[in-house]
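# What the coordinates show
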Amino acid sequence: MEELVRAGLAAAEKAGALYADVRVIAPQRYEHLAVRNGEATALTYSSRSGLGVRVRTRGSWGFATASGVEAATVRDAARLAVRVARAAEGPKAPALPVTSEPGPSNGRYQSRMKLDPFEIPREEKLALLTDAERALHVAAEVKNGHTSFQAWEEVKWFGSSEGVHYRSRIVHVGAGADATAISGGDVQRRSFPNSFGGDYGQAGFEFVRSLDLVGNAEKTGREAVALLNAPPCPASTTTIVLASDQLALQVHESVGHAVELDRILAWEAGFAGTSWVAADDIGKLTYGSPAMNIRADASEPGGLGTFGWDDEGTPARSTPIVKSGKLVGVLSSKETASRVGLSESGGTARAEGFHRAPLVRMTNVNLEAGDASMDELLEGVADGIFFSTNRSWSIDDKRLNFQFGCEVGRRILKGELGPMVRNPIYSGMTPEFWRSMDLVGDESTWHLWGLPNCGKGQPVQSAHVGHGAPVARFRNVSVRGG
Amino acid sequence: MPAVAESKAQATLERLFDLLPARLDADARLTGERFGTMRFATGRIHQPQFESATGLSLRVYEGGRLGTATTDEFTKEGLRRLIEQARSLARVAPPEERFPGFPSAPDRRARAVPFSRPTASITPERLGDLASRAIEKANEKVKGARVSGAFHAGSEWIAVANSAGLRGFTQRSVAQASVLIERPEADPPVSGWSELADWDASRIDPEKLSLDAAGKVARRAPESIAAGSYRVVLGPCAVSELISSLGYLGFSGHGEQEGWSCLKSERGKAAFPSSVDLRDDGTSERSLPQGIDYEGSPKRPTPLIDSGVVGDAVTDLVTAGRLGRSPSGHGLPPESPWGDFGPIPTQLLLGAGDASVDELVKETRQGILVNRFHYVRVVHPGRAVLTGMTRDGTYRIEKGEVVAPVCNLRFTESILSTLKSVELVGKEARRFSDERGFVSVTCPAILAGSFTFTSSTLF
């Protein structure tokens, strides 16, 4: 494969590229097993291989991909990538700026795991899913039980004309269970350990076993049924406490995307949108309260956003984004960093598979833990709402106005968790919301979540990202029932 | 794809079936795609790419159980590994007792559908030219504007075969384009958007697209208005978001079987005004046509809402078996993430009425005109409650006229309530799709008597 990479680089140079990088992914494997009401909804295994060649001419990037890993294929893709760049740059295109970074940087990266998920017998994986799915059906109202397991493997050879060459093998796994209770026209769902198919990590099958889907299924089913009879979430402006799973998504939507430098530069305006943050806000903007500390860390063990190098060859970095409430950094690539005068890329140029070009993506964007215990987070809240497990999410194209619905709410009454409420929704504006965060949970409330479905780019790419988040408390938030 | 390549695809499928054990029930799909994208932002093309891929998926039905595997390795060894993977999955699968088996031949012939060879084989130079012309026209029309968008074009072909003797082939050409024109220096910033999809790239005029987007850019600062329930004119782009959501919330075969479909209790009833007419039709030249589905069933016109009366959910082989029906021709690749949604309508056509946009605005009297929605998500699937933001051209209507731009609003509303309150339907339908033309919606503007906005944003 090394030779293939070098053949692609040579072909790109011969065709006139000033810079090229080649990614050969062989194999790219995916296994998805899912059971719903005792029947299979997904029992699939896929194994693909292919390559992507990205080039830079004076005034444009060009990218071309193909299935297969033959020398002729990579040479064709390299020539096509140069042709695409030439067709895009036009006669008067100014030279593209990119950061100039020390190199070369070579090596290997491999996911740490105890049990290779692709080596675990499928009988064992299916037995776990069917047992857990059966256990979700605690009452007649549970009309749908659903359990799933997913595993991804990507073996990648990367080389660039700047002399970066690396090989990596990254494995992600995840699993989850959810119960849907239906009665009288109402539909309520509870998921374990999170929605979006559960929780995910860069790990082996030991991660899936540790979730104990079977042991947690009965409680999940009972909560779905209980929600059918729970009162609706009352409407008010009040104190809310967000569980770690929901806060992870809040970080993702209202911080992670907002600090992507390509969005800030309006490169995503035509699709996902821009940002309320400006490039010259770095070091000046008060993003949130002094309790807010966020870091993008591609070296966090076990994260979906953890790797050795990004997809343009920058080594994994850990970058402070928000420090004591102040914006101090952004997510960037070599070109975006250069355009705002940063000396180096943040190392967050990532691509989905071989058939997509790298974009500025999140890595593990983590809200750091504070020092409050769970009891302290609830203490002093006379009447508030505890939100857990996302059900719906939406935010405007500058990442300001957001609305999140959760699977379950709990009243907080006189400093203690009270009864469930159904269809809880909270909404707000990003800066006001983060500035209202007055207490952040300690390490015991912090969890690194995996999100395997972050959509961005055209053609759209689905990225795997990580978010560590504690439990945290916010004041004066608008809540209601959906 | 030339006929010789079609026969090559079928030959690969024959080689696969030759390797299958005798009497093993199976179906297989060999798909290929070639697409180009010229994405532009801040007035320059910044992410151009061309991609091609082929993939083979095999689904076996063995011992009453299904298993699916995919590969892009077409050697004898690769095909053998594919068969082993699919069989190994089927061996451990829960039983699928109601699976009807693979059909020997469809009960109807696939119709020939429109296909544009120049679109399928579009060159980087041609795509770059389309994008550049759109940028140029936008800059000419709105001085100092920030221009973004994308032009996508290409094709997908699908060859299907099964162990009962079915053989099928179709190809789909797709062009999809969008232009966003912003004036970010305005306070608050203003913008306009236009979008179009077609199976023939030559019918997308980049200059016209930019002119349309420019016409949506407000000439003065938007004002904030209070959240609340308003009469609305939803432009075709906004309507397409609601209709595509209704497609899977109301007409998914899984939703029907599992009981969460928002229309489960409405089948056969006149739930909507008679002006609401929705069908799915992969054979229509007004959609992005595709002759067969991914199981080889021919596409056909499928009424979903017939003059206000709600029709059945759509099915593939698995859901048809579970529901005791015939498959409706909506099989998706069983290995794709969409497989979890089950069969959904993918070529939606909302019937046009006879009102011009001016007439819709006039009849609204007082309300809001929405060009486009952003980030639409499901709040409550059973009631089809969605939330999302307006974007790129939202205006206040007073005394039957568009009078002023307004800051973007968040809606939280049930699609069912919106469709129930439809008073008038526009006469000009427009076609929209995702960038690869997987789901297309062709629809006009509508006037809805009630639509709930729950908050607003700063721009």
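Criteria and thresholds
Residues numbered from 1 in each chain as written. Chains lettered and ligands numbered in written order. Predicted model: local features only at pLDDT ≥ 70, side-chain atom pairs only at ≥ 80, totals over all residues. Heavy atoms only, no water. Pairing = 2+ DSSP bridges. Helix = DSSP H or I, 4+ residues; strand = E, 2+ residues; numbered from the N terminus. Contact = heavy atoms within 4.5 Å. Axes fitted to C-alpha atoms, helices over the stretch in contact; angles between N-to-C directions. Domains from an automatic or database assignment. Buried area = accessible area lost by both parts, 1.4 Å probe. Salt bridge = Lys/Arg side-chain N within 4 Å of Asp/Glu carboxyl O. Polar contact = N/O pair within 3.5 Å; in protein donor to acceptor, adjacent residues only side chain to side chain. Nonpolar A, V, L, I, M, F, W, Y, C, P; charged D, E, K, R; others polar. Buried < 20%, exposed > 50% of the residue type's maximum accessible area, 1.4 Å probe, protein only. Parallel < 35°, antiparallel > 145°, perpendicular 65-115°, else oblique. Left-handed = near helix turned anticlockwise from the far one by under 90°.

## As for the sheet that holds strand β8 (residues 278–280) of chain B
In any sheet, the strands associate via hydrogen bonds between backbone groups, in a parallel or an antiparallel arrangement. All names here are of chain B. Read from one edge of the open sheet, six strands run β10-β9-β8-β11-β18-β17, paired in mixed fashion. For this open sheet the edge positions go to β10 (309–310) and β17 (430–433), each flanked by a neighbour on one side alone. By the bridge criterion, three bridges tie β8 to strand β9 (residues 302–306) in an arrangement that is antiparallel. Paired with R279 across the two strands is P303, which belongs to β9. Against the sheet, helix α6 (residues 236–251) contacts β8, β9, β10, β11 (347–350), β17 and β18 (440–443), and its axis sits at roughly 125° relative to β18.

## A look at the domain arrangement of chain A
Residues and elements named next belong to chain A. Segmentation of chain A into domains returns domain 1 (2–228) and domain 2 (236–481). Computed over C-alpha atoms, the centres of domain 1 and domain 2 are 21 Å apart. Opposite the 54 residues of domain 1 that make contact, domain 2 presents 50 residues. Summing both partners gives a buried area of about 4000 Å² for domain 1 against domain 2, and 55% of it is carried by carbon and sulfur. The largest per-residue losses of area from domain 1 upon contact with domain 2 belong to T99, E101 and F196, which jointly make up 15% of the total buried on that side. For the pair domain 1 and domain 2, the number of links is seven salt bridges. R422 is the partner of D186 in a salt bridge, and the nearest nitrogen-oxygen pair spans 3.6 Å. The interface formed by domain 1 and domain 2 holds 24 residue pairs in polar contact (both at pLDDT 80 or more) in total.

## Quick notes on the interface of chain A and chain B
Contacts between the two partners involve 78 residues from chain A and, on the opposite side, 75 residues from chain B. Taking both partners together, chain A and chain B bury about 6300 Å²; carbon and sulfur atoms supply 48% of that area. On the surface where chain A and chain B come into contact, there are eight salt bridges. Joining chain A to chain B, the criterion identifies 40 residue pairs in polar contact (both at pLDDT 80 or more). Of all the elements, strand β2 (residues 39–56) of chain A adds the most residues to the side of chain A that touches chain B, at 10 residues. The residue inventory of the side of chain A that touches chain B, partitioned by class, reads 33 nonpolar, 26 polar and 19 charged.

## Focus: unusual backbone geometry
The amide bond that connects F192 of chain A to the next residue, P193 of chain A, takes the cis arrangement and shows omega of -10°. For P193 of chain A, the location among the structural elements is in the loop between β7 (186–192) and β8 (199–201). For the bond running from D187 of chain B to P188 of chain B, omega is -5°, close enough to zero to count as cis. Turning to its location among the elements, P188 of chain B is positioned in the loop between β5 (167–183) and β6 (190–198). Although it is not a glycine, K414 of chain A sits at a positive phi angle of roughly 50°. Within the secondary structure, K414 of chain A is located in the loop between β17 (401–413) and β18 (416–421). Since its relative accessible area comes to 76%, K414 of chain A is described here as exposed. A positive phi angle, close to 55°, is found at A384 of chain B, a residue other than glycine.

## Here's the deal with the packing of helix α2 (residues 71–89) of chain A against helix α4 (residues 124–141) of chain B
Put simply, α2 of chain A and α4 of chain B touch, their axes get as near as 8 Å, and they point 25° apart. Taken as axis vectors, α2 of chain A and α4 of chain B run roughly parallel relative to one another. The interaxial crossing formed by α2 of chain A with α4 of chain B has right-handed handedness. Taken together, the residues of α4 of chain B that come into contact with α2 of chain A (itself represented by L80, R83, V84 and A87 of chain A) are P124, E125 and G128 of chain B. Taken together, the residues of the contact of α2 of chain A with α4 of chain B sort by class into four nonpolar, one polar and two charged.

## Considerations on the environment of L413 of chain A
All names here are of chain A. Inspection of the secondary structure puts L413 in strand β17. Relative accessible area serves as the criterion here: at 35%, L413 is assigned to the partly exposed category. Along the chain, L413 and G380 lie 33 residues apart, while their C-alpha atoms are 9.3 Å from each other. For L413, the residues in contact, after removing those within four places along its chain, are V381, A382, D383 and P419.

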